[in-house]
Amino acid sequence: MKKLAVGIITYNRPNELKRALDSCFENGIKNPEDIIVWDNHSKKTLSLKNEEICNDLGVRYYFSSSNLGVAGGRNKIWDLDDSDYVFFLDDDAIISSKDFFKNIVEYMESNPIVGAASVNIDEPETGVDHNSKERKQDGDKIVTLAYIGGAHILRRHAYPMK
């Protein structure tokens, strides 16, 4: 079993999808097959563009015959892979930290009681910060009291769905 898959749901946003995918490769994803794109029933012309982008980059692309919503799309991605961890990234978000994926897997490996972790999210075009300001200290760790779902990692064995 491989360590990490990256799952991205897209819907009518090929430019944002390309930017998100490029950020994954720029910040630690080496194997395109580690990325799964679920197209949640984009319009025909946009789905063709999404598919072309994914084919050019070598990532796995799946088109849904209906829009399953975020949860439904993420469940499909979950079922399409058996990695130890799945990192879900919204198609309009980017990874901006070098070695991000290596570091997030190392974090999960060194914290086996963690089943899910969200990360800081900043929208690159608007500058909006979606990070929770409500935090508390637990020893030397900061614990966020809100879960931000736009970019997060799940440990497979913590969520047995099959």
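Given the structure is predicted, the values throughout are model-derived calculations rather than measurements.

1. Overview of the overall build of the protein
Within the protein, the secondary structure is distributed over four helices and eight strands. Put simply, the protein runs from its N terminus to its C terminus through helices and strands in the order β-α-β-α-β-α-β-α-β-β-β-β. Split into buried and exposed, the 162 residues of the protein put 41% on the buried side. Here the contacts in the protein between residues at least 6 apart in sequence split such that 73% fall between residues at least 24 apart. Accessible surface, the protein as shown: approximately 8900 Å² in total, 51% of it carbon and sulfur.

2. What to know about the packing of aromatic side chains
Taken as a whole, this structure holds four aromatic pairs when the rule is applied. Note on Trp-38 and Tyr-62: the rings are 6.4 Å apart at their centroids and 25° apart in plane angle, and the pair reads as stacked. Highlighted residues: Trp-38 in strand β2 (residues 35-39) and Tyr-62 in strand β3 (residues 60-63), separated in sequence by 24 residues. Between Phe-100 and Phe-101, the ring centres sit 5.1 Å apart and the planes meet at 85°, which makes this aromatic pair edge-to-face. Judged by relative accessible area, which is 12%, Phe-100 ranks as buried. Classification of Phe-101 by relative accessible area gives buried; the value is 3%. In this structure an aromatic cluster arises from ring pairing among Phe-87, Phe-100 and Phe-101. Here Arg-156 stacks its cationic end above the ring of Trp-78, 4.2 Å away from the centre of that ring.

3. Considering the nonpolar core
In this structure, Ile-8, Leu-21, Ile-35, Val-37, Phe-87, Leu-89 and Phe-101 are the most contacted members of the largest nonpolar core, which totals 30 residues. Mapped by element, the contributors of at least two residues to this core are β1 (4-10), α1 (14-26), β2, α2 (44-57), β4 (85-89), α4 (100-110) and β8 (151-155). The greatest single-element share of this core, amounting to five residues, is contributed by α4. Excluding its chain neighbours within four sequence positions, the residues that come into contact with Leu-89 are Gly-7, Ile-8, Ile-9, Ala-20, Cys-24, Ile-95, Gly-150 and Ala-151. Counting eight residues, the second-largest nonpolar core is a separate cluster that includes Ile-77, Val-86, Phe-88 and Leu-154.

Parameters and conventions
- Residues numbered from 1 in each chain as written.
- Predicted model: local features only at pLDDT ≥ 70, side-chain atom pairs only at ≥ 80, totals over all residues.
- Heavy atoms only, no water.
- Helix = DSSP H or I, 4+ residues; strand = E, 2+ residues; numbered from the N terminus.
- Buried < 20%, exposed > 50% of the residue type's maximum accessible area, 1.4 Å probe, protein only.
- Contact = heavy atoms within 4.5 Å.
- Areas by Shrake-Rupley, 256 points an atom, 1.4 Å probe, with all protein chains shown as cover.
- Phe/Tyr/Trp six-rings, centres within 6.5 Å; stacked < 30°, edge-to-face > 60°.
- Lys NZ or Arg CZ within 6 Å of the ring centre and 35° of its normal.
- Core = buried A, V, L, I, M, F, W, Y, C linked by side-chain atoms within 4.5 Å.

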